[in-house]
Each structure stands twice: as structure tokens, then as C-alpha cells.
Amino acid sequence: LDEALGRFGDAGLDLPDLEVRFFDDDAECRGHYGLFVTRSTPWRVLVCTDLEFVPTHELAHAWEAAHLDDDDRRRYVDFRELSHWNDADVPWVERGIEDAAFVIHTNLMTTAGNLESATWRERIAAYEFLTGRPSPLNG
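To keep things clear, this report deals only with the structure shown in the data block.

1. Some remarks on the pairing of strand β3 (residues 43-47)
Then, number 1: Bridge analysis of strand β1 (residues 18-22) against β3 gives five bridges, and the strand direction is parallel. Bridge pairing in β3 links valine 20 to valine 45.
Then, number 2: Note that strand β2 (residues 34-37) and β3 share four bridges and pair antiparallel. By the bridge assignment for β3, valine 37 is matched with arginine 44.
Then, number 3: Connecting β2 to the antiparallel partner β3 that follows it, the hairpin turn spans five residues.

Dropping the structure here:
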């Protein structure tokens, strides 16, 4: 968790007040690796695995919930040519909410790879569009 929080701080992405809870199985996360919950105060991040990317991914959901409005979300969906922001009937890869969290966690966590590839150029551009900040990968 400290590493994940440090990534956001280093990138200048302010997080809202959160409660973070860790669990030994995925029951609390409704069968997922992690879950971001806004129905409580403070908001909660639940982590139900030891996979390294999950805390950063779930914190990315919290960042987006705190910093984007509906217009920002529509613009992002259009920019990324996705189907919808958060429709449970739409496959995960076509949801803006999941794409945004993926884009943020990959930009914050990647330390190696072919950053000149079209895929990575798109991820970097999406991060910068979403956050309004330069990607840590361009530094």
C-alpha cells in the first residue's frame, strides 16, 4: 500500500480520504481482486489478493471518482473510443471506468517495456488526457 500511495504522490495525483482494507479471500470483493466502494464515508478500497497491481488499480478508481465529473468521463470514453463509462452489461474492456484505472495503474507502475510501441503511446496519451499531467513514463 505504501508503494501504491507513493506512486500517486510522486505523480502529483491527490487521493481523497480513504479507508483501505485487506482480505485473505475474494468474498469481500464480490469475487474480484479488489473493489472500490463509495457507499461509505470515508470511501473504501478493498484488496482481496496479493497481486501487486491491485492497490494501485483500486486507488486509481478513487482518484477518478474524486477528480472527474460526468463531462470528463464522456470525453474520456469518446477519446478512447469505448462503449460506456460504467455499464455492467458492457464487457470490462469497453468500460471507461476500468480503462481509466488500468491506464493510471500501468503508467504509475511500469518501469520497463517498449514505450515506443503504439499500445504504450496510446496508454501514455490516455493517462495525460485523463489526469492533465505528464505521464511518469515521459520523465
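2. Describing helix α4 (residues 96-109)
Then, number 1: Here α4 spans 20 Å end to end across 14 residues, near enough to the 20 Å set by a 1.5 Å rise per residue.
Then, number 2: Within α4, 13 of the 14 residues are buried, which leaves the element mostly enclosed by the surrounding structure.

3. A short note on the state of the cysteines
Then, number 1: Considering all chains together, one arrives at one disulfide under this definition.
Then, number 2: Shown here is the disulfide that connects cysteine 29 with cysteine 48, its sulfur atoms set 2.0 Å apart. Between cysteine 29 and cysteine 48, the disulfide has an S-S torsion of 80 degrees and is therefore right-handed. Of this pair, cysteine 29 sits in the loop between β1 and β2 while cysteine 48 sits in the loop between β3 and α2 (53-67), and the two are 19 residues apart along the sequence.

4. Some thoughts on the side chain of histidine 105
Then, number 1: Along the chain, histidine 105 turns up in helix α4.
Then, number 2: Relative accessible area serves as the criterion here: at 7%, histidine 105 is assigned to the buried category.
Then, number 3: One polar contact links histidine 105 to histidine 57, side chain to side chain, over a distance of 3.0 Å.
Then, number 4: Contact partners of histidine 105, with chain neighbours within four places excluded, come to Phe53, Thr56 and His57.

5. Quick word on the nonpolar core
What tends to happen in soluble globular proteins is that the nonpolar side chains get buried as a cluster.
Then, number 1: Counting residues in each nonpolar core, the largest one holds 26 residues, and the members touching the most others are Phe8, Leu13, Tyr76 and Ile104.
Then, number 2: Where this core is concerned, the elements lending two or more residues are α1 (2-11), β3, α2, α3 (70-80), α4 and α5 (118-131).
Then, number 3: If you tally residues by element for this core, the top one is α4, at six residues.
Then, number 4: When neighbours within four sequence positions are excluded, tyrosine 76 is seen to be in contact with Leu82, Trp85, Gly96, Asp99, Ala100, Val103, Ala126, Phe129 and Leu130.
Then, number 5: Membership of the second largest hydrophobic core comes to five residues, among which are Cys29, Leu35, Val37 and Cys48.

About the criteria used
Residues numbered from 1 in each chain as written. Predicted model: local features only at pLDDT ≥ 70, side-chain atom pairs only at ≥ 80, totals over all residues. Heavy atoms only, no water. Pairing = 2+ DSSP bridges. Helix = DSSP H or I, 4+ residues; strand = E, 2+ residues; numbered from the N terminus. Expected span 1.5 Å × (residues − 1). Buried < 20%, exposed > 50% of the residue type's maximum accessible area, 1.4 Å probe, protein only. Disulfide = S-S within 2.5 Å. Polar contact = N/O pair within 3.5 Å; in protein donor to acceptor, adjacent residues only side chain to side chain. Contact = heavy atoms within 4.5 Å. Core = buried A, V, L, I, M, F, W, Y, C linked by side-chain atoms within 4.5 Å.

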